[in-house]
Amino acid sequence: MQPDGAVPIMVGLSTGKGEMESESISDESGQTADLLLPEQGAGPLLQRDYWAVVQDCQHPPSTVMDWVCRRFPEFAPAELCVFHRADEEPEGEPLELGDELTVKIQGAGTFGVRVIHKDAQSLTLATLPGHPEAGRITFGAYRNDHDDVIFHIRSRARSGSLFHYVGFVGGGEAMQTNTWTEFVLRVACTAGEGVLGVIHADTTELEDEPEGSDPVHDPTFVAKGD
């Protein structure tokens, strides 16, 4: 699944991603008490978006996300981070609400995340105590106004502690951008003919969670348009 060549990354604001509004969707798993929430972290609350148009995608967004849920560790670059499922589900079974993964981050250690939200077109993971970030990240696929398939990752988090905040400023931000832009590229190469144009990488500093958004239960965006 390695791409044949480099794809340019556009860093900065962009207006083309067809961003969706947030909705509150309850998680009835009851496994949320020990999440590492943004309010427990340090530094600014950052919303980071990584997204691209999938070139010549012949599959609906829901199918793309089914692949992501079944093969999640394959899309992360092993030289930067390695995901493993914490349960004993047979290979190929999709991630479900309450499932946990361990992630070994190069130079940082091994940490945990949990699925707190899932629907046909998105998957949201929240960090567990000890993770370098306090917050959550949503992976979603949807169509824009031109009927193109978009694959989109949005995290909303603070550094997990003051120690992690200092380390992130020192080099973690570049590693995170490389991890998730590579993830976008690998999904695009699986679902279609790679990325159309560039992979967009945007960062926005927020005062707080958007009004009505619940960091325990909600995705960071709602993916609609299959």
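Note: the structure precedes this text.
Attention in this report is confined to the structure presented alongside it. (Residues numbered from 1 in each chain as written. Predicted model: local features only at pLDDT ≥ 70, side-chain atom pairs only at ≥ 80, totals over all residues. Heavy atoms only, no water.)

1. Side note on the overall build of the chain
A count of helices and strands for the chain gives 2 helices and 9 strands. Taken from N to C terminus, the helices and strands of the chain fall in the order β-β-α-β-β-β-β-β-β-α-β. Every one of the 226 residues in the chain was classed for burial, and the buried ones make up 50%. Long-range pairs, those at least 24 residues apart, make up 71% of the contacts in the chain with a sequence separation of at least 6. If you sum the accessible surface of the chain, you get close to 10400 Å²; carbon and sulfur atoms cover 50% of it. (Helix = DSSP H or I, 4+ residues; strand = E, 2+ residues; numbered from the N terminus. Buried < 20%, exposed > 50% of the residue type's maximum accessible area, 1.4 Å probe, protein only. Contact = heavy atoms within 4.5 Å. Areas by Shrake-Rupley, 256 points an atom, 1.4 Å probe, with all protein chains shown as cover.)

2. Regarding the nonpolar core
Core analysis: the largest hydrophobic core is formed by 38 residues, its most contacted members being Phe72, Phe83, Leu125, Phe139, Phe151, Ile153 and Phe183. It is helix H2 (residues 162-191) that contributes the most residues to this core, 7 residues altogether. Excluding its chain neighbours within four sequence positions, the residues that come into contact with Phe139 are Met65, Phe72, Gln121, Ser122, Leu123, Leu125, Phe151, His152, Ile153, Trp180, Phe183 and Phe221. (Core = buried A, V, L, I, M, F, W, Y, C linked by side-chain atoms within 4.5 Å.)

3. Let's talk about the pairing of strand S7 (residues 133-143)
By the criterion of burial, S7 is predominantly enclosed, with 10 of the 11 residues buried. Pairing between strand S6 (residues 122-127) and S7: 5 bridges, direction antiparallel. Bridging across to S7, Thr124 finds its partner in Thr138. Where S6 folds back on S7, the antiparallel hairpin that results is connected by 5 residues, among which Gly130 adopts a positive phi of roughly 100°. Two elements, S7 and strand S8 (residues 149-159), share 11 bridges in a ladder whose sense is antiparallel. When the sheet's bridge partners are listed, Ile137 is paired in S8 with Ser155. The hairpin formed by S7 and S8 contains 5 residues between the paired strands, and Asp147 there has a positive phi angle of roughly 70°. (Pairing = 2+ DSSP bridges.)

4. Re helix H1 (residues 61-71)
Where H1 is concerned, the buried positions are Pro61, Val64, Met65, Val68 and Cys69. Angularly, the buried residues of H1 cover 135° about the axis, an arc narrow enough to put them on a single face. (Arc of directions from axis to C-beta.)

5. A few points about the side chain of Arg48
Residue placement: Arg48 occurs in strand S2 (residues 42-54). Polar side-chain contacts of Arg48 include one of 3.1 Å to the side chain of Glu133. (Polar contact = N/O pair within 3.5 Å; in protein donor to acceptor, adjacent residues only side chain to side chain.)

6. A word on the packing of aromatic side chains
Each aromatic ring pair is described using two quantities: the centre-to-centre distance and the angle formed by the ring planes. Using the criterion set out here, one finds 10 aromatic pairs in the structure. Between Phe139 and Phe183 the ring centres are 5.2 Å apart and the planes differ by 40°, which places this aromatic pair in the tilted class. Taken together, the positions of Phe139 in strand S7 and Phe183 in helix H2 put the pair 44 residues apart, joining distant regions of the chain. One exposure class covers both Phe139 and Phe183, and it is buried. Each member of the aromatic cluster is reached from another via a ring pair, and the members are Phe72, Phe75, Phe83, Phe139, Phe151, Trp180 and Phe183. (Phe/Tyr/Trp six-rings, centres within 6.5 Å; stacked < 30°, edge-to-face > 60°.)

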